[in-house]
Every structure is written in C-alpha cells, then in structure tokens.
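Results of the structural survey
Here are the chains, one letter per residue:
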Amino acid sequence: MPEGKLCNKQTVDAKEQLDALLADKGGKQYYEEMNHLDVDKKALRATLKNVVRSRFKTWLEICSHCGLCAESCFYFLANDRDPKQVPSYKIQATLGKLLKRKGDVDNAFMQECMDSAFSKCTCCTRCGVYCPFGIDTGLMFAYMRGILFSQGFSPWEMKIGTGMHRIYRAQMDVTTEDWVETCEWMAEEYEDDWPGLKIPVDVQNADIMYTVNAREPKHYPEDLAEAAILFRVAGENWTVPSEGWEETSLAMFAGDGAACKMQVESVYDAMDRLKPKRMVVTECGHAYRATVIEGPYWAGIKSGQPPVESIHYVEWVAEALRTGKLKIDPSKKIKEPVTYQDSCNYIRNGGLGDVAREIMGYIAEDFREMDPCREHNFCCGGGGGLNGIGRYREQRNVGLKIKRDQILATGAKLVVAPCHNCWDAIRDLEEIYKIGIRWSFLKPLLISMIDVPEHFKPTEEE
Amino acid sequence: MYEFVTGPLAWISFGIFFIGLIYRLVWYIRGLNWQLDRVAYTQHVSYGVKGALRSIFYWMMPYGTRSWRDNPGFTFLVFILHIGLLATPIFLKGHNILLMERWGFSFWTISESTADVLTVVVIAAIVFLILRRIAKPEVRLITDIHDYLMLLMAVAPFITGILAHYQVGNYRFWLILHMLCGEILLIAIPFTKLSHFVLFFASRAQLGMDYGIKRGGMKGKGLAW
C-alpha cells in the first residue's frame with residue numbers, strides 16, 4: 001500500500017515528522033505524494049459505518065432537492081449562482097456518493113472530496129438554518145473532513161496544524177517557555193505606560209483563567225498586553241496557565257478527533273490544576289467553539305459542559321461594561337459609522353448575538369448592522385481553516401466578495417471583528433479588493449475609550 | 001379485484017405504513033449518539049425540549065422562518081400541497097363512509113366541493129413544483145428521477161380519485177386504480193424520501209436540540225429560525 005513520506009495516513013506526533021513537512025515549502029512534495037496515495041477501502045468502510053449513522057443517513061436520504069439551501073450559501077452567491085455550489089449538490093456529490101459506493105472509491109475521488117470539503121464549504125452551518133428538514137450540510141462536511149483525514153487526504157497546512165497540536169498542544173510551535181516568557185516580556189514592555197501591569201501566571205483560585213490563540217503570543221503579543229490592561233482596569237483577579245493556555249484547534253478544522261481531544265484536555269487540565277472560578281477565551285471564534293462548545297464531547301464529559309464555566313471575551317466585555325467595571329468615556333465613543341462581523345462560531349453556533357449588540361451600544365454612536373446579521377450572517381469567507389490553506393487561496397478570495405459587499409452596504413469604514421479568522425479574512429479582503437476599510441479587535445478600541453483609574457494612569461514623561 | 005383492493009391490500013398497506021414509520025423513527029433515535037453527534041441529548045432536558053419544539057413549530061408555520069419568507073412562492077406551494085395531501089384523504093366523505101363500514105369508525109368530514117378544490121390545489125401545486133424544478137438551474141441540477149417519482153406518486157391518487165368521482169369513462173376502473181395508487185403511496189412512504197412524514201419531525205427535533213442544548217440555546221434567546 002503506497003504511502004508518501006510526507007503525505008500518508010500516519011498522524012504527526014514527532015518533531016522530525018513536523019520539520020520534514022514544514023521543510024516542504026507550499027506542500028509541493030506533499031501534494032505530489034497525495035496523487036499516489038492509496039485508499040484503504042476496508043478502513044474507509046469501517047469509518048463510514050462509525051460516522052455515518054441514522055442522523056446523516058436520514059439527511060442524505062430525505063433531502064427533497066428543493067434548493068432552498070442554494071441562496072443560504074455564500075459560495076453559491078459569490079460564484080455567480082453556480083448550481084455546483086448548492087450545498088445539497090456538494091454533499092451528495094461527496095459524502096452521498098462515498099456512502100452509495102460503500103467506500104469503494106479511488107484517489108481522484110478522495111481528492112475531489114477534499115477539495116470540496118475545504119474549498120467549497122467553511123462549515124459555517126448557515127445552510128442548516130435554511131433547510132426545512134434541518135439538514136446541516138456544513139456539519140456533515142466537518143465530519144467528512146474527519147473521514148478524509150483518516151485516509152491521509154488533508155491539505156498540507158491542516159496536516160501541519162494537527163502535528164502542532166499533537167506536539168506542542170498549540171496550533172503553532174510555541175513552547176511553555178516561549179509562552180511564559182512572552183507574558184513576562186509583555187508585562188515589562190507595557191509597564192512604563194501602565195504602572196503595575198502584570199500578567200499573573202499559574203495563580204490558583206483566580207476569578208478568571210484567561211486563555212488565548214497561539215497567534216497572539218507568536219505574532220501579536222500586544223494583544224496579550226491589551227488583555228492584561230483591560231483586566232487590570234476592571235480590577236479582575238485573573239491568571240493565565242503556563243500550560244493549557246491555547247484554545248484554538250486546527251485539529252477541529254482538519255477533522256483529527258484524537259488531536260482535538262488532546263488539545264482541549266490540556267486546557268481542562270489547567271482548570272483542574274488552577275481551579276479558577278471561570279475561564280475567559282480571547283477574541284477568537286473557533287477557539288471558543290473548539291474548547292467550550294465541542295470540547296467537552298471530545299473529552300467525554302456527559303454534561304456537554306467544560307469543567308469550569310467558560311465564556312467568550314465578548315461576554316466578559318459586555319459584563320464588565322454592564323457592571324461598570326469598565327467605563328466608557330462618552331466623548332471617546334466611536335463617532336463614525338461602524339459595523340460588527342458576527343462570527344459563525346460564537347454567534348450562530350454560540351448564541352452570543354445579543355451580547356455583541358450590547359457592547360456596540362456602549363461603544364458606538366452610529367452602529368450599523370450588516371444585512372443579514374446575527375445568526376443569519378454570512379461567513380467572513382475565511383472560516384473552517386480556509387484562510388490558512390494555500391491550495392485554495394483563489395476560491396477563498398472569490399468567496400470574500402460576499403463579505404465585501406455586505407460591509408460596503410453598511411457604509412461603515414470600520415469593522416469590529418472579535419474573531420481571528422474573521423479579522424484575517426477582512427484584512428485580506430481589504431488587501432485584495434481595496435474598499436478603504438479598517439478592522440479591529442475589541443481590545444484596542446476599548447483601551448482607547450475607557451476611563452482609566454488615577455493610580456493606573458500612564459506616567460507623564462515630561 | 002375490488003374486494004382485494006379494499007380488503008387485504010388495504011390492511012397490508014396500512015400495516016406497512018404504520019409499522020414502517022414506527023420502525024424508521026425507532027431506527028433514527030437509536031442511531032443517535034451523544035458523543036459522536038456531540039449533543040448531550042439527555043442532559044439539560046428543558047433546553048432540549050424547548051429547542052426541539054421551537055425548531056418544529058417555526059418551520060410548521062407558514063412564513064414562520066426566514067427561509068420560508070425568503071421564498072414566498074415556494075412556501076405557498078409547499079404549504080397548500082401538504083394541507084391538501086393530508087386533509088383531503090382523511091376528511092373525505094367517501095373515505096369516512098368506507099372507514100365506518102369496514103373498521104367501524106370515522107372522522108369529521110369536508111364537503112364534496114371543498115374536496116374538489118383541495119384536489120385541484122394539490123394537482124396544481126405539484127405541476128408548479130415540477131415546473132420550478134425544471135426552470136431553476138440550481139434546483140434542476142440536484143433533481144433526480146426519484147424527485148419526480150415522489151411527486152408523481154403523491155399526485156396519482158388525486159388524479160385518479162377525481163376522475164372516479166366524476167365518473168369520467170369507466171368508474172370502476174378509476175376507482176380501483178385510485179385505491180391502488182393510494183395503497184402504493186402508503187407503502188412507499190416508509191421506504192422513500194416520503195419518510196419525511198415522520199423524519200421531518202425527528203430531524204427538526206434533533207437539530208433543534210443541537211441548537212437548544214449546545215449551540216447557544218443556553219446562552220441566547222434561542223436561534224431565530
């Protein structure tokens with residue numbers, strides 16, 4: 001059974017494997033090897049039997065092919081209403097066929113399935129909200145990714161991502177030392193401007209255990225400092241864990257269930273160790289989805305709830321504003337038209353639509369909703385890991401048109417995007433389509449408009 | 001032939017219809033798995049029940065969901081079709097007389113003219129649904145032979161029924177054909193897409209529980225379908 005050196009059915013659990021993958025720039029060799037990867041039909045049949053049970057079988061069978069899902073899908077709209085982008089078509093042509101053929105498929109078919117599962121669906125699950133039968137095609141594609149992963153048909157970046165989680169318990173190669181050092185560095189760096197600023201590591205019984213997206217320590221460490229400033233201003237008793245600080249899950253995007261479990265258990269272990277009252281997740285959509293919404297199931301927790309009450313950053317901000325822990329200086333509210341990007345992962349799939357509006361009520365004078373919005377909002381165009389996959393860059397860029405037009409229609413030049421994926425997608429759409437917008441997380445906006453207590457005011461240099 | 005179609009075959013088709021649907025429902029529920037589906041079905045019961053009921057209720061209300069409202073013409077056709085499909089056979093005078101004769105009970109009945117109107121409505125709705133399938137490229141591509149077959153099976157008892165009622169040509173021929181078509185439809189329901197007769201409720205309840213228990217139902221007001 002031919003297996004590539006890089007592209008194979010093995011999981012990436014050792015640093016040498018990961019380094020070899022990383023050395024293959026753009027996945028050139030990886031994708032070449034994929035062309036020769038054999039399908040293990042027996043294993044595939046067994047996987048299908050385990051994964052595709054009455055729920056998915058029913059969905060695939062009773063679909064009346066009415067086409068109501070067509071317009072719910074931003075890919076259908078962005079690709080000039082191409083019928084091959086109708087969710088029902090996409091899933092019947094992949095999972096539907098796979099099931100009909102009982103796993104008796106070839107390499108080319110598996111690659112087609114991979115291309116569909118990653119470049120024609122961001123698993124935003126909007127179609128499920130528009131189907132009279134409640135057929136959630138986005139969800140089926142998420143499981144489809146898992147089936148593909150088990151056979152080694154996964155985009156190069158996804159394979160790397162799962163390896164990162166397996167080895168570092170983070171989506172990037174950030175070690176415990178790197179993380180703790182970054183926390184110390186950021187506290188020092190900002191201490192001049194914010195006297196007494198601290199990022200407390202491994203404090204037990206804190207009110208809040210704060211957890212992040214590995215991109216923050218790796219590429220945007222100032223985000224960490226901003227979180228610290230806001231917690232400090234709000235007077236929170238908070239901490240970060242030295243291990244189990246990473247919330248994201250490229251493993252979820254890739255469909256590597258075992259790695260998903262390892263990742264969330266690292267966070268749950270930190271909860272056990274530090275016994276915080278609550279956990280707050282940074283401004284990331286899929287991180288919250290992975291660790292708070294899906295995580296308990298991977299970890300086998302029957303209640304479906306994380307071990308400690310866990311909230312998204314927007315919930316903490318709304319609460320801090322509501323209770324007066326954070327006070328907005330009315331003269332500093334955002335005056336220009338501003339809109340809000342509803343992240344699929346914590347708005348449609350997390351129920352936080354009202355919370356986001358509450359925040360905008362405090363900070364914006366001219367808040368403009370996108371149409372549609374809240375749980376009906378369109379995916380930013382970069383969800384489901386798509387932002388990070390080179391192979392599908394072109395398809396991603398076409399999909400971004402829908403978000404571009406939604407933003408343009410609001411007339412706002414500023415987009416609040418408290419989600420890393422959305423933030424990236426909107427940054428990229430500006431780079432490609434140049435519509436003259438700015439985009440921001442909540443933290444920097446809040447810091448620019450809160451009342452700062454006297455003792456914590458930046459010291460005057462002159 | 002008449003005796004067979006109204007006797008043993010009626011028993012068999014109703015038997016298959018009811019037992020088949022119960023089987024599909026039990027099969028569906030038994031196939032659910034909290035950890036695989038990632039929905040804590042048996043926990044947070046009040047949220048689960050609320051989510052399931054909301055999910056069914058809004059979708060059974062004409063124009064009750066955003067999807068229904070976005071597609072007003074289609075929604076109109078779907079609702080009048082289903083009302084006609086269910087109400088006509090159950091409340092038809094002739095059927096209830098037969099029910100009384102054979103099985104000793106009957107339902108409340110509708111007038112003959114109402115039944116005629118409903119029949120024409122069903123036939124018209126199906127004609128329009130077929131035209132829609134052909135006219136819209138995004139629907140045409142996903143349509144297969146089964147979709148037409150389902151529509152045909154659903155409309156056949158209505159066409160043969162009204163022909164028999166107005167005694168167009170040979171009454172006995174249309175009557176027997178009408179009953180055969182109805183029985184074929186009953187038998188087909190559990191085995192085809194028409195199993196949405198019960199699986200609509202099962203699937204809607206499942207997704208409703210998913211949203212109600214896991215995907216935000218315990219945080220927000222519940223998904224605005």
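Residues numbered from 1 in each chain as written. Chains lettered and ligands numbered in written order. Predicted model: local features only at pLDDT ≥ 70, side-chain atom pairs only at ≥ 80, totals over all residues. Heavy atoms only, no water.

Looking at the overall build of chain A
When helices and strands are tallied, chain A shows 22 helices and eight strands. Relative to the compact-globule value of 23 Å for 462 residues, chain A shows a C-alpha radius of gyration of 22 Å, a close match. For chain A, the C-alpha atoms occupy an extent of roughly 75 × 45 × 40 Å along the three principal directions. Across the 462 residues of chain A, 64% fall into the buried class. Looking at chain A alone, contacts between residues at least 24 apart form 81% of all its contacts between residues at least 6 apart. (Helix = DSSP H or I, 4+ residues; strand = E, 2+ residues; numbered from the N terminus. Rg over C-alpha atoms; globule rule 2.2 N^0.38 Å. Buried < 20%, exposed > 50% of the residue type's maximum accessible area, 1.4 Å probe, protein only. Contact = heavy atoms within 4.5 Å.)

Description of helix H17 (residues 313–322) of chain A
All names here are of chain A. The element H17 is extensively covered by neighbouring structure, given that nine of its ten residues are classed as buried. What H17 keeps buried is the set Tyr 313, Val 314, Glu 315, Trp 316, Val 317, Ala 318, Glu 319, Ala 320 and Leu 321. Downstream of H17 by a residue or two, Gly 324 has a phi angle that is positive, lying close to 80°.

Observations concerning the side chain of A:Arg145
Residues and elements named next belong to chain A. Here Arg 145 is to be found in helix H9 (residues 137–150). The side chain of Arg 145 is buried and forms no salt bridge, while Asp 115, the nearest opposite charge, is found at 11 Å. Within the structure, Arg 145 has its side chain in polar contact with the backbone oxygen of Cys 121 (distance 3.2 Å). Apart from the residues lying within four places of it in its own chain, the contact partners of Arg 145 are Ala 117, Phe 118, Cys 121, Thr 122, Cys 123, Phe 253, Ala 254, Gly 255 and Gly 384. (Lys, Arg positive; Asp, Glu negative; His and termini not counted. Salt bridge = Lys/Arg side-chain N within 4 Å of Asp/Glu carboxyl O. Polar contact = N/O pair within 3.5 Å; in protein donor to acceptor, adjacent residues only side chain to side chain.)

A look at the interface of chain A and chain B
Taken together, the contact pairs 59 residues of chain A with 58 residues of chain B. Summing the contributions of chain A and of chain B, the shared interface buries around 4900 Å²; its carbon and sulfur component is 54%. For the interface between chain A and chain B, the tally reads nine salt bridges. A:Arg55 is the salt-bridge partner of B:Asp37, the closest N and O atoms lying 3.7 Å from each other. (Buried area = accessible area lost by both parts, 1.4 Å probe.)

Observations concerning the domain arrangement of chain A
Reports of interface size often rely on the accessible area that becomes lost once the parts have come together. All names here are of chain A. On domain assignment, one finds that chain A holds domain 1 (39–153), domain 2 (169–319) and domain 3 (326–449). If you average the C-alpha positions of domain 1 and of domain 2, the two centres end up 33 Å apart. Domain 1 puts four residues into the contact, and the matching count from domain 2 is four residues. Summed over the shared surface of domain 1 and domain 2, the result is zero salt bridges. The tally of links from domain 1 across to domain 2 stands at one residue pair in polar contact (both at pLDDT 80 or more). Ranked by residue count, the leading element in the side of domain 1 that touches domain 2 is H9, at three residues. Classifying every residue of the side of domain 1 that touches domain 2 gives two nonpolar, one polar and one charged. (Domains from an automatic or database assignment. Nonpolar A, V, L, I, M, F, W, Y, C, P; charged D, E, K, R; others polar.)

Some details on the sheet that holds strand S1 (residues 208–211) of chain A
Residue and element names in this part refer to chain A. Spatial ordering of the open sheet is given by S2-S1-S3-S4, a layout of four strands whose pairing is parallel. Looking at the sheet topology across the chains shown, the edges are occupied by strand S2 (238–239) and strand S4 (310–312). In this sheet, S4 lies alongside strand S3 (residues 278–281) in parallel orientation, the contact comprising three bridges. What sits directly across from Val 280, in S4, is Ile 311. Contacting S1, S2 and S3, helix H13 (residues 221–233) crosses the sheet at an angle of about 160° to S1. Of the strands in this sheet, S1, S2, S3 and S4 touch helix H15 (residues 257–274), which is tilted by about 155° from S1. (Pairing = 2+ DSSP bridges. Axes fitted to C-alpha atoms, helices over the stretch in contact; angles between N-to-C directions.)

Let's talk about the packing of H17(A) against helix H19 (residues 353–363) of chain A
Residue and element names in this part refer to chain A. Relative orientation of the contacting elements H17 and H19 amounts to 45°, with a least axis distance of 9 Å. Considered as vectors, H17 and H19 are oriented oblique to each other. Crossing of H17 over H19 shows left-handed handedness. Facing Val 314, Glu 315, Val 317, Ala 318, Leu 321 and Arg 322 of H17, the residues of H19 in contact are Val 355, Glu 358, Ile 359 and Tyr 362. Of the residues assigned to the contact of H17 with H19, the class counts are seven nonpolar, no polar and three charged. (Parallel < 35°, antiparallel > 145°, perpendicular 65-115°, else oblique. Left-handed = near helix turned anticlockwise from the far one by under 90°.)

Here we look at the sheet that holds strand S8 (residues 438–440) of chain A
Residue and element names in this part refer to chain A. Strand order in the open sheet formed by four strands is S6-S5-S7-S8, and the pairing between neighbours is parallel. With partners counted over all chains shown, the strands left at the sheet margins are strand S6 (364–367) and S8, one partner each. When the angles between neighbouring strand axes are averaged without regard to direction, this sheet yields 40°. The pairing of strand S5 (residues 334–340) with S6 spans three bridges and is parallel. Bridge assignment links Ile 334 to a residue of S6, and that residue is Ala 364. Together, strand S7 (414–416) and S8 form the strand contacts of helix H21 (residues 420–433), whose direction differs from that of S8 by roughly 170°.

Let's talk about the pattern of salt bridges
Residues and elements named next belong to chain A. Within the structure shown, the criterion is met by 39 salt bridges over all chains. Linking Glu 283 and Lys 443 is a salt bridge whose minimum nitrogen-to-oxygen distance equals 3.4 Å. Taken together, the positions of Glu 283 in the loop between S3 and helix H16 (285–298) and Lys 443 in helix H22 (residues 442–449) put the pair 160 residues apart, joining distant regions of the chain. Judged by its relative accessible area of 0%, Glu 283 falls in the buried class. On the basis of relative accessible area, Lys 443 is assigned to the buried category, the value being 0%. Measuring nitrogen to oxygen at the nearest pair gives 2.5 Å for the salt bridge that ties Arg 374 to Asp 354. Taken as a pair, Arg 374 in the loop between S6 and helix H20 (393–410) and Asp 354 in helix H19 lie far apart in primary sequence, 20 residues in all. Assessed through its relative accessible area of 26%, Arg 374 is described here as partly exposed. Classification of Asp 354 by relative accessible area gives partly exposed; the value is 31%.

A word on the nonpolar core
Grouped together as the largest cluster of nonpolar side chains are 214 residues, with contacts concentrated most on A:Leu95, A:Tyr210, A:Trp316 and A:Ile363. Ranked by residues supplied to this core, first place goes to helix H12 (residues 196–214) of chain B with nine residues. Setting aside residues up to four positions removed in sequence, A:Leu95 forms contacts with A:Leu48, A:Val52, A:Leu60, A:Met140, A:Met144 and A:Ile147. (Core = buried A, V, L, I, M, F, W, Y, C linked by side-chain atoms within 4.5 Å.)

Some words on H13(A)
Residue and element names in this part refer to chain A. Counted at 1.5 Å a residue, the expected span for H13 with its 13 residues is 18 Å, and the 19 Å between its end C-alpha atoms agrees. Burial of H13 is extensive: eleven of the 13 residues sit out of reach of the surface. Residues of H13 that are buried: Pro 221, Asp 223, Leu 224, Ala 225, Glu 226, Ala 227, Ala 228, Ile 229, Leu 230, Phe 231 and Val 233. Immediately beyond the C-terminal end of H13, within one or two residues, lies Gly 235, with a positive phi of roughly 70°. (Expected span 1.5 Å × (residues − 1).)

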